[in-house]
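Summary of the model geometry
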Amino acid sequence: MSMLTPPGMGGKYRITGDKYPRMRPHRRRGRLAVVVVACGAVLGVAGWGTLQLIDVFTGGGGTATAAGTGCSPKTTKASPAASVSAAAAVAGTAPEPAQITVNVFNATTRSGLAKTTADELKKRGFKIGEVGNAIKQYDKKVTGTGILLGPASSLNTSLPVLATQLTTAERRTDAARAGTALDLIIGNQFKALTSQAASVKALTALAAPQPTASTKKGC
């Protein structure tokens, strides 16, 4: 028996040479398993905490929805533009042609335009005021079809009504202008008033205005 062999031990526990039996089980694998489990737990907690932070800063998680209803954000769609003032259509303040006095002035070199235009406007229900040649400020200086001029108060009331008769004319207002009468100044490109059928349709739109924008409801 070797001097390294403890008393009472022999057989397979007998120590010979430089080898000796292991008296307790190997612990390396057990420690490795504990480390793996601990790392997994730490990662899980960290991930859960990250999700909670995201939830806090995004207001509840998931894709944000309009008004918290789960619907897509509401959108608006503009209605087709008419040849009338949008503000007048919304407000519904457009007067009748019979309530509007129109002065007709000719700023071109063609004679007779002011009278024939005034006569046509009268047939369409407008009151006619002065008829003649344009003042020096506009005479032979209106390059388009015409200018519609009125006081500031006419911008969204009577001016859009007159514009239905010559939709290509330029609209202007003068804050210093007195009274309620409007001027139709005929320009070089003028050929005729807008057709009566188109004018009636535009006037109908002013009398029974449609919303300028519609809101999409639901999802």
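Residues numbered from 1 in each chain as written. Predicted model: local features only at pLDDT ≥ 70, side-chain atom pairs only at ≥ 80, totals over all residues. Heavy atoms only, no water.

Regarding its fold elements, the protein chain presents 5 helices and 7 strands. When the helices and strands of the protein chain are read in sequence order from the N terminus, they spell out α-β-α-β-α-β-β-α-β-β-α-β. Counting across all 219 residues of the protein chain, residues that qualify as buried make up 26%. Restricting the contact set of the protein chain to residue pairs at least 6 apart, pairs at least 24 apart contribute 74%. Total accessible area on the protein chain stands at roughly 15,000 Å², and carbon and sulfur atoms take up 59% of it. (Helix = DSSP H or I, 4+ residues; strand = E, 2+ residues; numbered from the N terminus. Buried < 20%, exposed > 50% of the residue type's maximum accessible area, 1.4 Å probe, protein only. Contact = heavy atoms within 4.5 Å. Areas by Shrake-Rupley, 256 points an atom, 1.4 Å probe, with all protein chains shown as cover.)

Here the focus is the pairing of strand S4 (residues 146-151). With 6 of its 6 residues buried, S4 lies for the most part within the structure. By the bridge criterion, 4 bridges tie S4 to strand S6 (residues 182-186) in an arrangement that is antiparallel. Note that in S6 the partner of Leu148 across the bridge is Leu184. As judged from the 5 bridges shared by S4 and strand S5 (residues 170-174), these two strands associate in the parallel manner. When the bridges of S5 are listed, Leu148 appears paired with Arg171. One crossover worth recording links S4 to the parallel S5 by way of helix H4 (residues 158-163), and it is right-handed. (Pairing = 2+ DSSP bridges. Right-handed = clockwise from strand over helix to strand, strands pointing away.)

Another point: the confidence of the model for the protein chain. With 53% of its residues at a pLDDT of 70 or more, the protein chain has an overall mean of 75. pLDDT under 50 marks residues 61-91. Its contacts with residues more than four places away, or in other chains, come to 46 contacts. (pLDDT = per-residue confidence, 0-100.)

Let us look at the environment of Ala208. With respect to the element layout, Ala208 can be found in the loop between helix H5 (196-207) and strand S7 (213-215). On the accessibility criterion, Ala208 (44% relative accessible area) is partly exposed. Along the chain, Ala208 and Ala94 lie 114 residues apart, while their C-alpha atoms are 9.9 Å from each other.

On to the nonpolar core, then. Ranked by internal contacts, the top residues of the largest apolar core, which has 21 residues, are Val102, Val104, Leu121, Phe126, Leu148, Leu162 and Leu184. Listed by contribution, the elements that provide at least two residues to this core are strand S2 (101-106), helix H3 (113-123), H4 and S6. For Val104, the residues in contact, after removing those within four places along its chain, are Ala114, Thr117, Ala118, Leu121, Glu130, Val131, Gly132, Leu184 and Ile186. By size, the runner-up hydrophobic cluster in this structure holds 8 residues, among which are Ala107, Ala134, Val142 and Ile185. (Core = buried A, V, L, I, M, F, W, Y, C linked by side-chain atoms within 4.5 Å.)

A separate point is the pairing of strand S3 (residues 127-133). In terms of strand pairing, S2 meets S3 through 5 bridges, oriented parallel. Bridge pairing in S3 links Asn106 to Asn133. Regarding topology, H3 serves as the crossover connection from S2 to the parallel S3, and that connection is right-handed.

It is worth spelling out the pattern of salt bridges at this point. Applying the stated criterion to the full structure yields 5 salt bridges. With its nearest N and O atoms 3.1 Å apart, the salt bridge here joins Lys115 to Asp119. Placement of both Lys115 and Asp119 in helix H3 is noted, with a separation of 4 residues, approximately one turn of the helix. Using a relative accessible area of 35% as the deciding quantity, one classes Asp119 as partly exposed. A salt bridge links Asp183 to Arg177, with the shortest nitrogen-to-oxygen separation between them at 2.8 Å. (Salt bridge = Lys/Arg side-chain N within 4 Å of Asp/Glu carboxyl O.)

Another point: the sheet that holds S4. In spatial order, the strands read S3-S2-S6-S4-S5; together these 5 strands make up an open sheet with mixed pairing. Each edge of the open sheet carries a strand with a single partner, namely S3 and S5. Across the sheet, the mean angle separating the axes of adjacent strands is 20 degrees when strand polarity is ignored. Contacting S2, S3 and S6, H3 runs over the sheet at an angle of about 155 degrees to S2. (Axes fitted to C-alpha atoms, helices over the stretch in contact; angles between N-to-C directions.)

This brings us to the side chain of Asn103. Mapped onto the elements of the fold, Asn103 is located in strand S2. On the accessibility criterion, Asn103 (9% relative accessible area) is buried. In terms of polar contacts, Asn103 uses its side chain to reach the backbone amide nitrogen of Glu130, at 2.8 Å. Not counting chain neighbours up to four residues away, the residues in contact with Asn103 comprise Gly129, Glu130, Arg177, Ala181, Leu182, Asp183 and Leu184. (Polar contact = N/O pair within 3.5 Å; in protein donor to acceptor, adjacent residues only side chain to side chain.)

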